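Listed here are the chains, written in short residue letters.
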Amino acid sequence: MSDSKKPRRDFIKLSAMTLGGVGAASLLIPFISSMNPGKDTLALASTEIDLSPLEEGQSLTVIWRGKPVFIKHRTKSEIDVAKNTSLDELPDAEEDSARVQKDNWLVVLGVCTHLGCVPLGQKASDTKGDYGGWFCPCHGSHYDTSGRIRKGPAPTNLPVPPYVFLTDNRIKIG
Amino acid sequence: MSSDQLQGYKKTLNSPYTGIKGWIDSRLPLIRMMEAEYLKFPVPKSLNYFWSFGGIAMFCLIGLILTGIFLGFHYKPSAEDAFDSVERIMRDVSFGWLIRYLHANLVSFFFIATFIHIFRALYFGSYKAPRELVYIFGLTMFMLMMATAFLGYTLPWGQMSYWGATVITNLFSAIPVVGDAILQLLLGDFTVGDSAVNRFYVLHWLLAFAIVGLVVFHVITLHMTGSNNPTGSEPQSWDETVSFHPYVTIKDLNAALFFFIIMAFILFYYPNILGHSDNYIKANPMITPAHIVPEWYFLPFYAILRAIPDKLGGVIAMFSSILALGLLPWLDTSKVRSCLFRPIWRYCVLLFAVNFLVLMYVGGKPAEDIYVLISRIGTAYWFLFIFVLAPLVGFLETPRQPLTITNYLQSKKA
């Protein structure tokens, strides 16, 4: 093989390897994508709940996408505390009004934003932590009456799932 | 290639054996290889019982795979059936209780053997040149072992299985921006559930065999350099070695006998002592147990995770604690391998081992002030040991002249 042929040979090798590489990599897409939640799982993505049995001060846990959702019928004092908390005291600053649609109903995902445990505070007998909301027993995160993180390793507030009020006493999550 | 070279190449395929053995060996040279690597293979004659734990770990691995196959005949990997199928194995399957308790307790003893094996490598400097790759393959296997053990622990689908899996998979959500998407990709659902237990079962098998594959690399690299020994000195002549068989085989079997007698005692009298009673409660996604505790062999790393008050920081610290150990061959600046001849480093390594046990203790305690403080000190020492002491002590200390294998054995007799 003469030297003048070499760059041509190199070019063919390089472009063949590149094309083969791109082809092999694109073959990964269907396989990786198959690991995601399937259509049946996504289809279970909304839940309707009747709120009328809940007295003031009571809480309800419902399941949405396999995760617990905390619905809390807040008392007047709980609402006041949540509203009057200065944003400077919050690790993940968020107004209470940005987290509720109606002041007396708080709807949050009951999954600690640290490592995914279910915080305590739903039952009357549960410890509610230092801020009157929820307390995660796994690694000691405290949440307030707006579901906001106040103390402990969790980085963010309990997230608010997408929901709408269908009637005054009925909501649809998802 | 000239025909002479080709001739020479083909000649090496001629077997030293005759008959059927020779017929097979000249076509599949495994018999020749096994004889060279396992029967006649020379090892330093100064090996002590610390050198038996690699072989013991291998026995554990074989035992786990065998018991795993028989458990797999009865286990059903779904959120609906998993817990009940394990209970059926315990109650209705003939000798199911024995096979499952063997599987569960062998893991613990696999980790015990591996921890001792790694300590041996640190204390006698087995990680140092030219055995860096032996050590790196070993650490890789250790990480795969932890992944496999974690996946396996989720399979019985008890409360600890479920919540352990939730906490550990949520570590991935600490990754900025794409964390939640990655978590959904890994679980195939929004939470740990039916989809997760199914794929965890598959991956539990896959990783187990990946470990077997890495054992082969671990042994190939080891047999290139030969075993280290307590002196850290290489054998100078055949006189300083013995053949692997019968000397090492018998010694390792003897050590394995004592090791597995201890395991049998736990297995038959306290089969659940190393597990958690909450795992006999079926998984409930709505109720988190009061204290989520990982398996005992994860506790030191769990303590490191909790020592850092930041979620992402804790995750990074935990993973890098093992990855950083892989840098030790290049961070340790000493020319002397064995701690027997290193007056300062010796205590650093012993303190590292004690620190490991302390971290294991605090990792099992609730995340309260005093335990968090201890775990922070322990985590600090872990990284100080690797990144500061390893390079520094090599310069500062004056090591003794390492003994040759012959002189070492004479000094022990005297």
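Throughout this description, residue numbers start from 1 for each chain and increase along the sequence as written. The order in which chains are written sets their letters, starting at A; the order in which ligands are written sets their numbers, starting at 1. Residues qualify for local features only when their pLDDT is at least 70, as the model is predicted, and side-chain atom pairs are given and counted only at 80 or more; totals for whole chains, interfaces and linings, by contrast, use all residues.

This part covers the packing of helix 6 (residues 96-123) of chain B against helix 7 (residues 132-154) of chain B. For any two helices packed against each other, the geometry comes down to the angle between their axes and how far apart the axes lie. Residues and elements named next belong to chain B. Each axis is a line fitted through C-alpha atoms, and for a helix only the stretch in contact is used; angles between axes span 0 to 180 degrees, taken between their N-to-C directions. To qualify as a helix, a DSSP run of H or I must reach at least 4 residues; to qualify as a strand, a run of E must reach at least 2; elements of each kind are numbered from the N terminus. One can describe the packing of helix 6 onto helix 7 by two numbers: an axis separation of 12 Å at closest approach and a directional angle of 155°. Relative to helix 7, the element helix 6 lies roughly antiparallel. In this structure, the crossing between helix 6 and helix 7 has a hand that is left-handed. Listed contacts from helix 7 to Val107, Thr114, Ile118 and Ala121 of helix 6 are Tyr135, Phe142, Met145 and Ala149. When residues are grouped by polarity, Ala, Val, Leu, Ile, Met, Phe, Trp, Tyr, Cys and Pro land in nonpolar, Asp, Glu, Lys and Arg in charged, and all others, Gly among them, in polar. Of the residues assigned to the contact of helix 6 with helix 7, the class counts are 7 nonpolar, 1 polar and no charged. To sort the angles, those under 35 degrees are grouped as roughly parallel, those over 145 as roughly antiparallel, those from 65 to 115 as roughly perpendicular, and the leftovers as oblique. In a left-handed crossing the near helix is turned counterclockwise from the far helix by less than a right angle, and in a right-handed crossing that turn is clockwise. Remark: residues whose backbone-derived C-beta atoms lie within 7 Å of one another are considered to be in contact.

Moving on to the interface of chain B and chain A. Taken together, the contact between chain B and chain A spans 22 residues of the former and 20 residues of the latter. Among the elements that take part in the side of chain B that touches chain A, helix 8 (residues 159-169) of chain B stands out by supplying 3 residues, more than any other. Looking at the side of chain B that touches chain A, its residues break down into 12 nonpolar, 7 polar and 3 charged.

A separate point is the environment of Phe53(B). Residues and elements named next belong to chain B. Along the polypeptide, Phe53 turns up in helix 4 (residues 53-72). C-alpha of Phe53 to C-alpha of Ala113: the two residues are 60 residues apart in sequence and 5.5 Å apart in space. The residues contacting Phe53, other than those within four sequence positions of it, are Ala113, Ile116, His117 and Arg120.

The subject of this paragraph is the pairing of strand 6 (residues 141-144) of chain A. Residue and element names in this part refer to chain A. Put plainly, a residue is buried at 20 or more neighbouring C-beta atoms within 10 Å of its own, exposed at 12 or fewer, and partly exposed in between, counting only other residues' C-beta atoms, which are placed from the backbone. Residues Ser141 and Tyr143 of strand 6 are buried on one face, and the alternating residues His142 and Asp144, pointing to the opposite face, are buried as well. Whether two strands pair depends on DSSP finding at least two bridges between them. Bridging between strand 5 (residues 132-136) and strand 6 involves 4 bridges; their strand directions are antiparallel. For Cys136, the partnering residue across the bridge sits in strand 6 and is Ser141. Where strand 5 hands over to strand 6, the hairpin turn is made up of 4 residues, of which Gly140 adopts a positive phi near 75°. Relative to strand 7 (residues 149-151), strand 6 runs antiparallel, the two sharing 2 bridges.

Across soluble globular proteins, nonpolar side chains show a tendency to be buried alongside one another. Counting 109 residues, the largest nonpolar core has Cys117(A), Cys60(B), Phe110(B), Ala113(B), Trp157(B), Val197(B) and Ile304(B) as the members making the most contacts within it. No other element matches the 14 residues that helix 6 of chain B contributes to this core. With residues up to four places along the chain from it excluded, the contact list for Trp157(B) reads Ala79(B), Ala82(B), Phe83(B), Tyr162(B), Val197(B), Lys282(B) and Ala283(B). To define a nonpolar core, we join buried Ala, Val, Leu, Ile, Met, Phe, Trp, Tyr and Cys residues through C-beta atoms within 7 Å and take the resulting set.

All names here are of chain A. Ordered in space as 2-3-4, the 3 strands form an open sheet in which the pairing is antiparallel. Every other strand in the sheet has two partners, leaving strand 2 (59-64) and strand 4 (105-109) as the edge strands with one partner each. Sheet twist, expressed as the mean angle between neighbouring strand axes with direction ignored, is 20°. Bridging between strand 2 and strand 3 (residues 67-73) involves 6 bridges; their strand directions are antiparallel. Directly across from Val62, in strand 3, lies its bridge partner Val69.

Let us look at the confidence of the model for chain B. The predictor reports its confidence for every residue as pLDDT, a score running from 0 up to 100. Put simply, chain B has an average pLDDT of 93, and 97% of its residues get 70 or more. Scored by ipTM, the complex comes to 0.76, with pTM at 0.89.

Our next topic: unusual backbone geometry. Residue and element names in this part refer to chain B. Between Ala129 and the following residue, Pro130, the backbone shows a cis peptide bond with an omega angle of 5°. Relative to the helices and strands, Pro130 is located in the loop between helix 6 and helix 7. For the bond from His245 to Pro246, the omega torsion is 5°, close enough to zero to count as cis. Relative to the helices and strands, Pro246 is located in helix 11 (residues 244-269).

All names here are of chain B. Helix 8 sits mainly inside the fold: 11 of its 11 residues count as buried. Taken residue by residue, helix 8 has Gln159, Met160, Ser161, Tyr162, Trp163, Gly164, Ala165, Thr166, Val167, Ile168 and Thr169 as its buried positions. If you follow the buried residues of helix 8, they end up packed against helix 7, helix 9 (179-187) and helix 10 (194-225).

Residues and elements named next belong to chain B. In the contact formed by helix 4 and helix 11, the axes pass within 9 Å of each other and the chain directions differ by 60°. The orientation of helix 4 with respect to helix 11, classified from their angle, is oblique. Seen along the crossing, helix 4 lies across helix 11 with a hand that is right-handed. Between helix 4, through Gly55, Ile56 and Phe59, and helix 11, the contact on the second element is made entirely by Asp252, Ala255, Ala256 and Phe259.

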